[in-house]
Amino acid sequence: DQQVKQNSPSLSVQEGRISILNCDYTNSMFDYFLWYKKYPAEGPTFLISISSIKDKNEDGRFTVFLNKSAKHLSLHIVPSQPGDSAVYFCAARANDYKLSFGAGTTVTVRA
Amino acid sequence: IAGITQAPTSQILAAGRRMTLRCTQDMRHNAMYWYRQDLGLGLRLIHYSNTAGTTGKGEVPDGYSVSRANTDDFPLTLASAVPSQTSVYFCASSETGFGGGYTFGSGTRLTVV
């Protein structure tokens with residue numbers, strides 16, 4: 001049973017608009033959350049993270065929000081650019097430092 | 001090289017054959033991991049190693065084995081491949097206890113026929 005869930009397999013957004021990716025988790029022991037970006041034929045690369053003691057972390061066009069009571073986090077990309085077209089994985093870490101990943105959301109940014 | 005190198009890049013393998021996927025890192029990271037990526041399931045942990053000389057089972061270890069003889073290398077072996085092991089395999093590494101993320105290799109696409 002997956003402990004990290006990304007219920008939207010795909011997202012299409014117009015260039016310049018906001019992309020919002022959602023992620024839910026079930027394990028209350030998770031204390032650190034990460035987003036990875038993956039292009040075809042490449043390995044995932046780290047994008048942004050957030051500790052469970054925070055509710056928001058921002059890095060340029062990317063912002064991650066964490067709602068611990070709802071066990072929910074989201075990634076906002078503003079403005080979306082064509083180079084943002086990729087698969088985005090949500091990941092969560094418990095105190096054993098191993099990451100659990102969601103199924104991924106494929107983002108397509110339309111010109 | 002800088003980062004993680006995986007070999008081969010892709011492989012077609014007959015069912016029942018033995019296969020070792022290679023993974024080498026040059027970052028001196030303590031921890032290394034093997035994940036498989038399948039559509040709709042994301043990345044699932046197969047085996048991991050927190051430091052040289054130790055290994056552990058992940059979420060989907062059956063049919064796979066690993067070894068960690070030194071810090072840099074973490075090979076994954078399929079003793080007798082089956083079609084359900086058709087997948088893309090990613091090796092990753094991290095500093096133990098590091099609050100950040102993993103560094104991933106570019107993956108090995110394996111097809112078992």
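Refer to the structure printed above.
Quick caveat, the model's predicted, so the values are computed rather than measured.

Draft legend 1. Quick peek at the packing of aromatic side chains. One pass over the structure, following the stated rule, counts 15 aromatic pairs over all chains. Seen from their ring centres, Phe30 of chain A and Phe33 of chain A are 6.4 Å apart, and the 85° between their planes marks the pair as edge-to-face. The class for Phe30 of chain A is buried, based on a relative accessible area of 5%. Taking the centre distance of 6.4 Å and the plane angle of 85° together, the rings of Phe90 of chain B and Phe104 of chain B count as edge-to-face. Linking Phe90 of chain B in strand β9 (residues 87-94) with Phe104 of chain B in strand β10 (residues 103-104), this pair joins segments that are 14 residues apart in sequence. Here Phe90 of chain B matches Phe104 of chain B in class, with each residue buried. In textbook terms, an aromatic cluster arises when at least three aromatic residues are bridged by ring pairs, as seen for Tyr36, Phe46, Phe89 and Phe101 of chain A together with Tyr33, Tyr35, Phe90, Tyr102 and Phe104 of chain B.

Draft legend 2. Broad picture of the sheet that holds strand β3 (residues 19-25) of chain B. Residues and elements named next belong to chain B. Taken together, four strands build an open sheet; the order of strands is β1-β3-β8-β7 and the sheet is antiparallel. Unpaired on one side and paired on the other, β1 (4-7) and β7 (64-66) mark the two borders of the sheet. Going across the sheet, the axis of each strand differs from the next one's by a mean of 20°, ignoring polarity. Relative to β3, β1 runs antiparallel, the two being bridged by four bridges.

Draft legend 3. The interface of chain A and chain B, seen in detail. Contacts between the two partners involve 17 residues from chain A, matched on the other side by 19 residues from chain B. Between chain A and chain B the total buried area reaches about 1500 Å² when both faces are included, carbon and sulfur atoms providing 59% of it. Of all residues in chain A, Tyr97, Lys98 and Phe101 of chain A bury the most surface against chain B, accounting for 32% of the area lost on that side. At the junction of chain A with chain B, the criterion picks out zero salt bridges.

Calculation criteria
Residues numbered from 1 in each chain as written. Chains lettered and ligands numbered in written order. Predicted model: local features only at pLDDT ≥ 70, side-chain atom pairs only at ≥ 80, totals over all residues. Heavy atoms only, no water. Phe/Tyr/Trp six-rings, centres within 6.5 Å; stacked < 30°, edge-to-face > 60°. Buried < 20%, exposed > 50% of the residue type's maximum accessible area, 1.4 Å probe, protein only. Helix = DSSP H or I, 4+ residues; strand = E, 2+ residues; numbered from the N terminus. Pairing = 2+ DSSP bridges. Axes fitted to C-alpha atoms, helices over the stretch in contact; angles between N-to-C directions. Contact = heavy atoms within 4.5 Å. Buried area = accessible area lost by both parts, 1.4 Å probe. Salt bridge = Lys/Arg side-chain N within 4 Å of Asp/Glu carboxyl O.

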